[in-house]
Amino acid sequence: MADLGRFLEMLTAGNEVMNLVGPATIPDFWNRHAWDSAQLLRLAPNALTWADLGAGAGFPGLVLAILGKGRDGVHIHLVESMAKRCRFLADVVAELDLPATVHNERAENLSLTVDIVTARACAPLHRLLGYARPYLLAGAQGLFLKGQDVVADMSEAARYWEYEADVIPSLSDERGRIVRVRRLGRARKV
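Only a predicted model underlies this, so the values are computations on that prediction, with no experimental measurement involved.

(A) Up close: the overall build of the protein. Helix and strand content of the protein: six helices and seven strands. Of the regular secondary structure in the protein, the N- to C-terminal order runs α-α-β-α-β-α-β-β-α-β-α-β-β. Taken over the C-alpha trace, the protein has a radius of gyration of 16 Å; the compact-globule value for 190 residues is 16 Å, and the two agree within 12%. Expressed as lengths along the three principal axes of its C-alpha atoms, the size of the protein is roughly 45 × 30 × 30 Å. The proportion of buried residues among the 190 residues of the protein is 51%. A separation threshold of at least 6 residues defines the contact pool for the protein, and within that pool the share at least 24 residues apart is 70%. Element-wise, carbon and sulfur atoms account for 49% of the exposed surface of the protein, whose accessible area totals about 9,200 Å². Taken as two groups, the 22 positive and 22 negative side-chain charges of the protein have centres that lie 7 Å from each other.

(B) Representation of helix α1 (residues 2-17) within the structure. Taking 1.5 Å per residue, 16 residues should reach 22 Å; α1 reaches 24 Å between its end C-alpha atoms and fits that length. Every buried residue of α1 is accounted for by Leu4, Phe7, Leu8, Met10, Leu11, Gly14 and Asn15. Against α2 (29-38), α3 (61-68) and α4 (83-96) lie the buried residues of α1.

(C) Spotlight on the packing of α2 against α3. Contact geometry of α2 with α3 gives a least axis separation of 8 Å together with a crossing angle of 60 degrees. Crossing handedness for the pair α2 and α3: right-handed. Note on element contacts: α3 touches α2 through Val63, Leu64 and Leu67, opposite His33, Ala34, Ser37 and Ala38. For the contact of α2 with α3, the per-class residue count stands at five nonpolar, two polar and no charged.

(D) Summary view of unusual backbone geometry. The residue after phenylalanine 59, namely proline 60, is reached through a cis peptide bond having omega 5 degrees. Topologically, proline 60 is positioned in the loop between β1 (49-53) and α3. The backbone of aspartate 97 shows a phi angle near 55 degrees, a positive value even though the residue is not glycine. With respect to the helices, strands and loops of the structure, aspartate 97 is situated in the loop between α4 and β3 (100-104).

(E) Region of the structure containing the packing of aromatic side chains. Taken as a whole and judged by the stated rule, the model has one aromatic pair. With a centroid separation of 5.3 Å and 40 degrees between ring planes, the pair formed by phenylalanine 7 and phenylalanine 59 is classed as tilted. Of the two residues, phenylalanine 7 sits in helix α1 while phenylalanine 59 sits in the loop between β1 and α3, which places them 52 residues apart along the sequence. A residue is classified by how much of its surface remains accessible, and phenylalanine 59, at 5% relative accessible area, is buried.

(F) Broad picture of the nonpolar core. In this structure, Phe7, Leu11, Trp50, Leu62, Phe88 and Leu98 are the most contacted members of the largest nonpolar core, which totals 40 residues. Those elements that provide at least two residues to this core are α1, α2, α3, β2 (75-80), α4 and β5 (141-146). Once residues within four sequence positions are removed from consideration, phenylalanine 7 is found in contact with Phe29, Ala57, Gly58, Phe59, Leu62, Val63, Ile66, Phe88, Val92 and Leu96.

Parameters at a glance
Residue numbers restart at each chain and count upward from 1, following the sequence in its written direction. Where totals are concerned, whole chains, interfaces and linings use all residues; where local detail is concerned, this predicted model gives features only for residues with pLDDT of at least 70, and gives and counts side-chain atom pairs only at 80 or more. Note that the side-chain values use all heavy atoms of the structure and ignore hydrogens as well as water. Comment: elements are numbered from the N terminus, with helices defined as DSSP H or I runs of at least four residues and strands as E runs of at least two. Within these notes, the globule rule equals 2.2 Å times the number of residues to the 0.38 power, and the radius of gyration is based on C-alpha atoms. Summary of the burial criterion: residues with accessible area below 20% of their type's maximum are buried, those above 50% are exposed, and those between are partly exposed, where the area comes from a 1.4 Å probe applied to protein chains only. Two residues form a contact once any of their heavy atoms are found within 4.5 Å. Areas reported here follow the Shrake-Rupley algorithm with a probe of radius 1.4 Å; residue values treat only the protein chains shown as occluding. In this charge count, Lys and Arg are treated as positive and Asp and Glu as negative; neither His nor the chain ends contribute. Think of each charge as sitting on NZ of Lys, CZ of Arg, CG of Asp or CD of Glu. Given a helix with a known number of residues, its expected span is that number minus one, times 1.5 Å. Angles shown run from 0 to 180 degrees and are taken between the N-to-C directions of axes, each axis being a line fitted to C-alpha atoms and, for helices, limited to the stretch in contact. Should the near helix be turned anticlockwise from the far one by less than a right angle, the crossing is left-handed, and should it be turned clockwise, the crossing is right-handed. Under the scheme applied here, ten amino acids are nonpolar (Ala, Val, Leu, Ile, Met, Phe, Trp, Tyr, Cys and Pro), four are charged (Asp, Glu, Lys and Arg), and all others, including Gly, are polar. Between 30 and 60 degrees the pair is tilted, below 30 it is stacked and above 60 it is edge-to-face, where a pair is any two Phe, Tyr or Trp rings, Trp via its six-membered ring, whose centres lie within 6.5 Å. Here the nonpolar core consists of buried residues drawn from Ala, Val, Leu, Ile, Met, Phe, Trp, Tyr and Cys, with membership extended through side-chain atoms lying within 4.5 Å.

The structure is reproduced here in structure tokens:
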């Protein structure tokens, strides 16, 4: 809890100088950001390695790293293409001594083998599946935090990809959903 509290302090300070999260969401940090991220652990309790694509302010990746701290084999890869956000992520990782690596790179350009690939507020599902493709094809399962428009998002993705997924209600927001991608097939010609 202390590390999550310190993360909140660093997020609040970082948000003063760059747009990490909507300022109105910080007072609801514990539910909207921390709990929303942490709920993924119940869906993959044995997963040790994670890749958080478009890590941004560190949700869900930093929360997962904080909760996995001290557990043998846990490692979170925070993948972010914006250098200033990577500096923020690296500062939090160093300050809290987290089992995480920050990658200032585009997700689709990395070659990481992980148990779970995740993302939150990164991109529409059809684009996100393209970013996650190398991880999914290497055997990772996808756990993507999505909003209330998940049905339309998944329908659009089906125009571009053959994929197998199910939708799980969010525990932190009745409108939110988690899309669990178990298999990604061929890209479709659109």
